[in-house]
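The residues making up each chain are set out below.
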Amino acid sequence: MKIGIFTDSHYSSRKPITLGRDRSRSLQKIKDAYKVFEKENCDLAICLGDLTDEDDSYEKEVENLLKISVVMKNTSVPTMCVMGNHDAFVFTVDDFYKLLGEEFRPENKTFGDVNLVFIDACYFKSGEHYKPGDEDWRDTFYPHTQELKEHLSSLEGKTYVFMHQNIDPGCDKSHRLANDEEIRNILENCGSVKTVYQGHYHCGHEDVVNSIRYMTQIAMCSNENAYLIEEL
Ligand SMILES: [Fe+2]
């Protein structure tokens, strides 16, 4: 299957906070990415999180998410959208998908011999999920390790993992889960994981660790044409 991937659009009407984070142009960049995904006949688009960023009011933040929703609903390519820390610091999980569209809530799925597994690491080490108003993005953790182990052991074929935050040891430690090593071990032990796709670390990174490829996609807000098409 062919998938189109993008991440860290950080869409907001606010001016760039740094030279590398031009958030207001991201709506157009998302539209442009979908045009390419359609032309390339992608079976699925996956957003790896931080779709939106903080704006001047909650109303404005809702409006931004709804504008992206219109783009996603008007394309022929189905989408699954993982939440990033910036999304979770503004919206509750339920509000995020209610506004964006329930059809974009990621779900572990198998297509032929390809398994897609989604990990939500918007949790603090305490095991509590991020909520609106929180801001400590460096405290990131995935608590549901037993469920992950059980799910992976039930799969046959090739498995691809999608998450916002990082478990690639080549990414800066501040962007990695507190239990990144534990998650890598779980993925390695199940034997079927081919690639882990991640966002969050805006400059991107790619390497192979113990036979698993870690692909960190560069941020859409700081780069032109920052999307990726992969054949799984
Ligand atoms: Fe992030």
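Residues numbered from 1 in each chain as written. Predicted model: local features only at pLDDT ≥ 70, side-chain atom pairs only at ≥ 80, totals over all residues. Heavy atoms only, no water.

**Student:** Explanation requested: the nonpolar core in the structure shown.
**Tutor:** Considering soluble globular proteins, one finds that nonpolar side chains tend to be buried as a cluster. Of all hydrophobic cores here, the largest spans 32 residues; its most connected members are Phe6, Leu51, Phe96 and Leu100. Among the secondary structure elements, those contributing two or more residues to this core are helix H1 (26-39), strand S2 (44-47), helix H2 (58-73) and helix H4 (93-100). Not counting residues within four places of it along the chain, the set of residues in contact with Phe96 comprises Leu51, Leu65, Cys81, Met83, Asp87 and Phe91. Listed in part, the 19 residues of the second largest apolar core include Leu155, Met163, Ile186 and Leu187. (Core = buried A, V, L, I, M, F, W, Y, C linked by side-chain atoms within 4.5 Å. Buried < 20%, exposed > 50% of the residue type's maximum accessible area, 1.4 Å probe, protein only. Helix = DSSP H or I, 4+ residues; strand = E, 2+ residues; numbered from the N terminus. Contact = heavy atoms within 4.5 Å.)

**Student:** Can you help me understand unusual backbone geometry in this one?
**Tutor:** What is expected of a backbone is that most residues other than glycine have negative phi and most peptide bonds are trans. Notably, Asp8 is not glycine yet its phi reads approximately 50 degrees, a positive angle. Among the structural elements, Asp8 can be located in the loop between strand S1 (2-6) and H1. Among the residues examined, Asp8 registers a relative accessible area of 0% and is labelled buried. Although it is not a glycine, Ser211 sits at a positive phi angle of roughly 75 degrees.

**Student:** Could you clarify how one ought to interpret the coordination of the iron ion in this entry?
**Tutor:** Ligation of the iron ion by protein atoms is provided by Asp50 (OD), Asn85 (OD1), His164 (NE2) and His200 (ND1), these donors lying 2.1 to 2.2 Å from the ion. Metal-centred angles of 89 to 169 degrees between the 4 donor atoms at the iron ion mark the site as irregular. Site description for the iron ion: donor spacing in sequence, D-x34-N-x78-H-x35-H. Of this pair, Asp50 sits in the loop between S2 and H2 while Asn85 sits in helix H3 (residues 85-88), placing them 35 residues apart in sequence. (Donors = N, O, S within 2.8 Å, 3.2 Å for Na, K, Ca; no water. Tetrahedral: all angles 85-135°; square planar, octahedral: opposite > 155°, others 65-115°.)

**Student:** Where do I start with the sheet that holds strand S7 (residues 193-198) in this structure?
**Tutor:** Taken together, 6 strands build an open sheet; the order of strands is S4-S5-S6-S7-S9-S8 and the sheet is mixed. Sheet topology places strand S4 (109-111) and strand S8 (205-209) at the edges, where each strand pairs with a single neighbour. Sheet twist, expressed as the average angle between the axes of neighbouring strands with direction ignored, equals 20 degrees. (Pairing = 2+ DSSP bridges. Axes fitted to C-alpha atoms, helices over the stretch in contact; angles between N-to-C directions.)

**Student:** It is not clear to me how H2 should be interpreted in this structure. Could you clarify?
**Tutor:** In an α-helix, one turn spans 3.6 residues, which is why side chains three or four residues apart end up on the same side. Over its 16 residues, H2 runs 22 Å from end to end, which matches the ideal 22 Å to within 8%, given 1.5 Å per residue. Buried within H2 we find Glu61, Val62, Asn64, Leu65, Ile68, Ser69, Val71 and Met72. Where H2 is buried, its residues touch S1, H1, strand S3 (79-81) and H4. (Expected span 1.5 Å × (residues − 1).)

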